[in-house]
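Examination of the molecular architecture
Here is how the chains run, residue by residue.
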Amino acid sequence: MLKKIRVIDYNLLRSKGVHFDRLNLNRLVKYPTENRIHFAVKSQVFYILRTMGHNVLTEFEITGFGIGDILDLSTKVTCQYEIETTLKSAKHQKTIQKYARKGLDIIIVFTPKLPSDEYERYKYLKDVIIVPD
């Protein structure tokens, strides 16, 4: 059985302010100021999405907003995963408002709420956080 390949609409992404080099598609990129926990969780989310066959961007620029952590391009509605290392509700709301755009779901992953065991964290991310569509 042939798997249906979803075509990436680069013009639509540009219209949403997402700018990236096509060479960075499906490449895990570490931002210089990321701490170990942040990068570990981002790596696991990236790994899960790529295992599912999704096209993924990491550390992409959003004009007027900043740098995003992970963008899943293979779902019906594009999903943006933001990894947060603090549990401040004000910062959570600010992050959602900062990145809110039409046709984009923002999923905040709080690292303090994740299991500390690596395998348990992987299962939690895969079963609860990741959008499988």
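Structural notes, computed from the coordinates. Source: prediction; values computed, not measured.

1. Brief notes about the packing of aromatic side chains
One pass over the full model with this rule turns up two aromatic pairs. Geometrically, the ring pair formed by Tyr47 and Tyr122 is tilted, given 6.3 Å between the ring centres and 55 degrees between the ring planes. Taken as a pair, Tyr47 in helix 2 (residues 36-51) and Tyr122 in helix 4 (residues 118-129) lie far apart in primary sequence, 75 residues in all. Ring geometry for Tyr119 versus Tyr122: centroids 6.5 Å apart, planes at 25 degrees, classification stacked. With Tyr119 and Tyr122 both in helix 4 and three residues apart, the pair spans about one turn of that helix. The exposure class assigned to Tyr119 is exposed, which follows from its relative accessible area of 53%. Three or more aromatic residues joined by ring pairs make a cluster, and in this case those are Tyr47, Tyr119 and Tyr122.

2. Let's talk about the side chain of Ser74
By the element assignment, Ser74 lies in the loop between strand 3 (66-72) and strand 4 (78-84). In this structure Ser74 comes out as buried when scored by relative accessible area, which is 16%. A distance of 2.7 Å separates a polar side-chain atom of Ser74 from the backbone nitrogen of Asn55.

3. Regarding the sheet that holds strand 5 (residues 104-110)
Here five strands make up an open sheet; going across it, the order is 1-2-3-4-5 and the pairing mixed. Looking at the sheet topology across the chains shown, the edges are occupied by strand 1 (18-19) and strand 5. As paired strands, strand 1 and strand 2 (residues 56-62) are joined by two bridges and run antiparallel to one another. Paired with Val18 across the two strands is Ile62, which belongs to strand 2.

Cut-off values and rules
Throughout, a residue's number is its position along its own chain's written sequence, starting from 1. Given that this is a predicted model, residues contribute local features only at a pLDDT of at least 70 and side-chain atom pairs are listed and counted only at 80 or more, while totals for whole chains, interfaces and linings are drawn from all residues. Just so you know, side-chain values use all the structure's heavy atoms and leave hydrogens and water out. Whether two aromatic rings pair depends on their centres lying within 6.5 Å, for rings of Phe, Tyr and Trp, where Trp uses its six-membered ring; planes under 30 degrees apart make the pair stacked, over 60 edge-to-face, and the rest tilted. Counting from the N terminus, the helices are DSSP H or I runs at least four residues long and the strands are E runs at least two residues long. Here the term buried applies to any residue with accessible area under 20% of the maximum for its type, exposed to any over 50%, and partly exposed to those in between, with areas from a 1.4 Å probe on protein chains only. In protein, a polar contact means a hydrogen-donor-capable atom and an acceptor-capable atom, both N or O and within 3.5 Å, with residues adjacent in sequence counting only if both atoms are side-chain atoms; elsewhere, any N or O pair within 3.5 Å suffices. Think of it this way: DSSP has to see at least two bridges between two strands before they count as a pair.

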